[in-house]
Amino acid sequence: MQVQTHVDINSEWGIVAARQAGRKLAREIGFGSVDQARITTAISELARNIYLYANQGQIKIEEVSAGGKQGMKIIASDEGPGIKDLRRVMEDGFTTSGGLGAGLPGVKRLMDDFSIESEVEQGTVITAVKWLR
Amino acid sequence: MEDMKVSMYQLYKDMLTSYLEDKSEHALYHAQQFSKQMMEQDMSPEETVSMHLSVFQDIADDLPEEVTDSFDLLLEVMIGYGLAYREHQSLRDRQQELESELNVAAHMQRTLLPNKKIEIDALDFGVVSVPAGKMSGDYYHYDIDDRGNFAVAVADVIGKGVPAAMSMSMIKYAMDTLTDKQMQPSVVLESLNRVVERNIDDDMFITMMYGVYHPDDHYFYFSSAGHEPGFFYTAKDDTFVSLEAKGLVLGVSPKVRYEEQKLKLDPGDFVVFLSDGVTESRVNGEFIEREQIVDMIRERLHMDSQEIVNEIYEQLEKAQEFQLRDDFTLMILRRKV
Ligand SMILES: Nc1ncnc2c1ncn2[C@@H]1O[C@H](COP(=O)(O)OP(=O)(O)OP(=O)(O)O)[C@@H](O)[C@H]1O
Ligand SMILES: [Mg+2]
């Protein structure tokens, strides 16, 4: 059975807990220190968005394997307001932090696979995978 | 790619070893050059930090644990810089794309301007038109109609850059649909006004000066739609007067009448059309006076029209340290004989 962890996000403590769980699993899977830090940053950004925009939600992390590759999957889900204009949100330079490279485009860059589903007033589910090289 | 990383690792290790041995500036210089190589190979800041630690652990035995641990913090911070760096790269690519799109558009725009030679013996004609950016909000036109009359026009969109340039092409197409019978300045401006009024935003205006020279009787007719006045030079008295005619800017109201003026051009007389990019040139931080433009022309009366406009442009460009603030168009039409 592959490892799977849930962390509830409803405070900054939740963000830290998600980071911690993510780093631990990344290390166990065998990611190097740079990738560990990248995965953790991605989790951090996703968890912060949940906390800031949806108030609460969940980060699920799990080990995955496909086609002989091993990796780690992050699923960030919430039932918050959803994201109206996905295309704009994925554009560089759109984040409120403005041109500091973080935000969702940053998460996409930090990870290998990235997908986002969002329905206004229903919620948002973001899935991202990093593969072990 | 992985081999690349391995050889980078080795290079970095050699560099660091040599630096730790003699602390020479030479090794540091080497490192500075090396950083360019790293960027070329897309090495991110976080990878660099991590490489530094690995190399360091390799060459220095028993590093204190605090030193190693402190790199966790540095790495975390560097992830952010790494992201900013990546974003910068992607924005730079995007900018290059936009730039080349703009170049294509600017080229298309230049093809809208006339470029044929004027073969009228009595006439000496010169024009210079330079955009402040890539695209121009100025437009000029000259053409000879079926009856051998010579039409000239300068237009200026209030605004700059791409939106201005797009309105400019509309003027060009609207002019193309005019027939020769309509080549009377006031009529031309009236019909262009209708097109502009219907087709552009309320907050956008176009000013224009349109004139026609009749080589058979040497009369020059002109009308203006709120455009920067030009000049009229009479050789006999050696004087310049402002070339003005009443008329509202294009696009404000659907029905506008334009006053039409006429002048007799004697040999040596000429008219000057310009855009406000000329009069709003700033020299030493101050707008130049129309009087100064007159002086610049006067100093060059012995040259032909094209030389005069070229030289004035060059002089003003230089005075503004090669940074035009507005699109610049200057045109001279002189009766030679
Ligand atoms: N889970 C979410 N629910 C609702 N809206 C969201 C969610 N995540 C992101 N958004 C919206 O998408 C926008 C972009 O998010 P992104 O994380 O890229 O940048 P940011 O949070 O504005 O700034 P920062 O760079 O600090 O992260 C946010 O401003 C927010 O409006
Ligand atoms: Mg965010």
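Here the structure is a predicted model, which is why all the values come from computation and not from measurement.

Student: Explain the environment of R110 of chain B here, please?
Tutor: Structurally, the position occupied by R110 of chain B is in helix α4 (residues 65-111). Between the C-alpha atom of R110 of chain B and that of D145 of chain B, which follows or precedes it by 35 residues, the distance is 22 Å.

Student: Hey, could you run me through the pattern of salt bridges in this one?
Tutor: Pairing of side chains with opposite charge becomes possible as their charged atoms draw close. Applying the stated criterion across every chain, the model contains 21 salt bridges over all chains. One salt bridge connects E190 of chain B with R257 of chain B, and the closest N-O pair in it is separated by 3.0 Å. Pair noted here: E190 of chain B is in helix α6 (residues 185-199) and R257 of chain B is in the loop between β7 (239-243) and β8 (261-264), with a separation of 67 residues, a long-range link. Residue classification places R257 of chain B among the exposed residues on the basis of a relative accessible area of 68%. Connected through salt bridges with shared partners, the residues D35, R38, D112 and K130 of chain A together with E46 and E47 of chain B form a single ionic network.

Student: Would you take a moment to explain the domain arrangement of chain B for this structure?
Tutor: Once the domains are mapped, chain B shows domain 1 (2-105) and domain 2 (114-335). Computed from C-alpha atoms alone, the centre-to-centre distance between domain 1 of chain B and domain 2 of chain B is 56 Å.

Student: Mind showing me how you'd approach the sheet that holds strand β2 (residues 57-66) of chain A here?
Tutor: Strand pairing in a sheet relies on backbone hydrogen bonds. The paired strands run either parallel or antiparallel. All names here are of chain A. Pairing is antiparallel in the open sheet, where five strands are placed in the order β1-β2-β3-β5-β4. A strand with exactly one partner marks an edge of an open sheet, and here the two such strands are β1 (4-9) and β4 (113-119). Strand-to-strand twist across the sheet, computed as the mean angle between neighbouring axes with direction ignored, equals 15°. As paired strands, β2 and strand β3 (residues 69-78) are joined by 10 bridges and run antiparallel to one another. Looking at the pairing, S65 lines up with Q70 of β3. Contacts between helix α2 (residues 33-54) and the sheet are confined to β1, β2, β3 and β5 (123-131), with β3 contributing the most and set at about 15° to the helix.

Student: Would you mind showing me how to read the interface of chain B and chain A here?
Tutor: When the parts come together, some accessible area is lost, and that loss is often what is quoted as the size of the interface. Opposite the 14 residues of chain B that make contact, chain A presents 17 residues. For the pair chain B and chain A, the two sides together bury roughly 1,300 Å², of which 56% comes from carbon and sulfur. It is E76, L83 and E87 of chain B in chain B that bury the most area against chain A; as a group they hold 46% of the surface buried on that side. Seen at the junction of chain B and chain A, the total is four salt bridges. For R38 of chain A, the salt bridge identified is with E47 of chain B, shortest N-O distance 3.6 Å. Joining chain B to chain A, the criterion identifies five residue pairs in polar contact (both at pLDDT 80 or more). Elements represented by at least two residues in the side of chain B that touches chain A include exactly α3 (45-59) and α4 of chain B.

Student: What exactly am I supposed to notice about the packing of α2 of chain A against helix α4 (residues 103-110) of chain A here?
Tutor: Each pair of packed helices can be described by the angle between their axes along with the distance between the axes. Residue and element names in this part refer to chain A. Interaxial distance between α2 and α4 falls to 9 Å at its minimum, and their mutual angle equals 150°. Comparing the axis directions of α2 and α4 gives the class roughly antiparallel. The way α2 lies across α4 gives a crossing that is left-handed. Contact with α2, carried on its side by R38, T41, A42, E45, L46 and N49, involves G103, L104, V107 and L110 of α4 and no other residues of that element.

Student: Sorry, what's going on with helix α2 (residues 25-40) of chain B here?
Tutor: For an α-helix, the turn length of 3.6 residues means that residues three or four places apart are oriented alike. Residues and elements named next belong to chain B. Taking 1.5 Å per residue as the helical rise, α2 with its 16 residues ought to reach 22 Å, and the 23 Å between its terminal C-alpha atoms agrees with that figure. Restricting attention to buried positions, one finds in α2 the residues A27, F34 and M38. Taken from the residues just after α2, D42 is the one with a positive phi, measuring 60°.

Student: Looking at this model, I keep getting lost on the side chain of D138 of chain B. Mind explaining?
Tutor: All names here are of chain B. Take D138: it is sitting in strand β2 (residues 138-144). Since its relative accessible area comes to 3%, D138 is described here as buried. Of note is the side chain of D138, whose polar atom sits 2.8 Å from the side chain of T329.

Student: In this structure, what is going on with unusual backbone geometry? I would like to understand it.
Tutor: Backbone geometry follows two general trends: most residues other than glycine have a negative phi, and most peptide bonds adopt the trans configuration. All names here are of chain A. In the Ramachandran plot, N55 falls in the positive-phi region, its phi being about 70° despite a non-glycine side chain. Here N55 shows up in the loop between α2 and β2. What makes N55 exposed here is its relative accessible area of 56%.

Student: Please clarify how the nonpolar core should be interpreted in this entry.
Tutor: Most often, soluble globular proteins have nonpolar side chains that are buried together. Among the nonpolar cores identified, the biggest contains 39 residues, and I59, M72 and I74 of chain A are the most heavily contacted of them. Counting residues in each nonpolar core, the second largest holds 27 residues, with Y139, A153, A225 and V256 of chain B among its members.

Student: Looking at this model, I keep getting lost on the packing of α2 of chain A against α4 of chain B. Mind explaining?
Tutor: At a minimum axis separation of 10 Å, α2 of chain A and α4 of chain B run at an interaxial angle of 75°. Comparing the axis directions of α2 of chain A and α4 of chain B gives the class roughly perpendicular. Together, S33, V34, A37, R38, T40 and T41 of chain A of α2 of chain A and L75, E76, I79 and R86 of chain B of α4 of chain B make up the contact between the two elements. Considered class by class, the residues forming the contact of α2 of chain A with α4 of chain B number four nonpolar, three polar and three charged.

Student: What is the right way to look at the environment of V7 of chain A in this model?
Tutor: Residues and elements named next belong to chain A. Turning to its location among the elements, V7 is positioned in strand β1. On the accessibility criterion, V7 (11% relative accessible area) is buried. When the C-alpha positions of V7 and L86 are compared, they lie 25 Å apart, and in sequence the two are 79 residues distant. Setting aside residues up to four positions removed in sequence, V7 forms contacts with G14, A17, A18, A21, G57, Q58 and I59.

The rules we used
Residues numbered from 1 in each chain as written. Chains lettered and ligands numbered in written order. Predicted model: local features only at pLDDT ≥ 70, side-chain atom pairs only at ≥ 80, totals over all residues. Heavy atoms only, no water. Helix = DSSP H or I, 4+ residues; strand = E, 2+ residues; numbered from the N terminus. Salt bridge = Lys/Arg side-chain N within 4 Å of Asp/Glu carboxyl O. Buried < 20%, exposed > 50% of the residue type's maximum accessible area, 1.4 Å probe, protein only. Domains from an automatic or database assignment. Pairing = 2+ DSSP bridges. Axes fitted to C-alpha atoms, helices over the stretch in contact; angles between N-to-C directions. Contact = heavy atoms within 4.5 Å. Buried area = accessible area lost by both parts, 1.4 Å probe. Polar contact = N/O pair within 3.5 Å; in protein donor to acceptor, adjacent residues only side chain to side chain. Parallel < 35°, antiparallel > 145°, perpendicular 65-115°, else oblique. Left-handed = near helix turned anticlockwise from the far one by under 90°. Expected span 1.5 Å × (residues − 1). Core = buried A, V, L, I, M, F, W, Y, C linked by side-chain atoms within 4.5 Å. Nonpolar A, V, L, I, M, F, W, Y, C, P; charged D, E, K, R; others polar.

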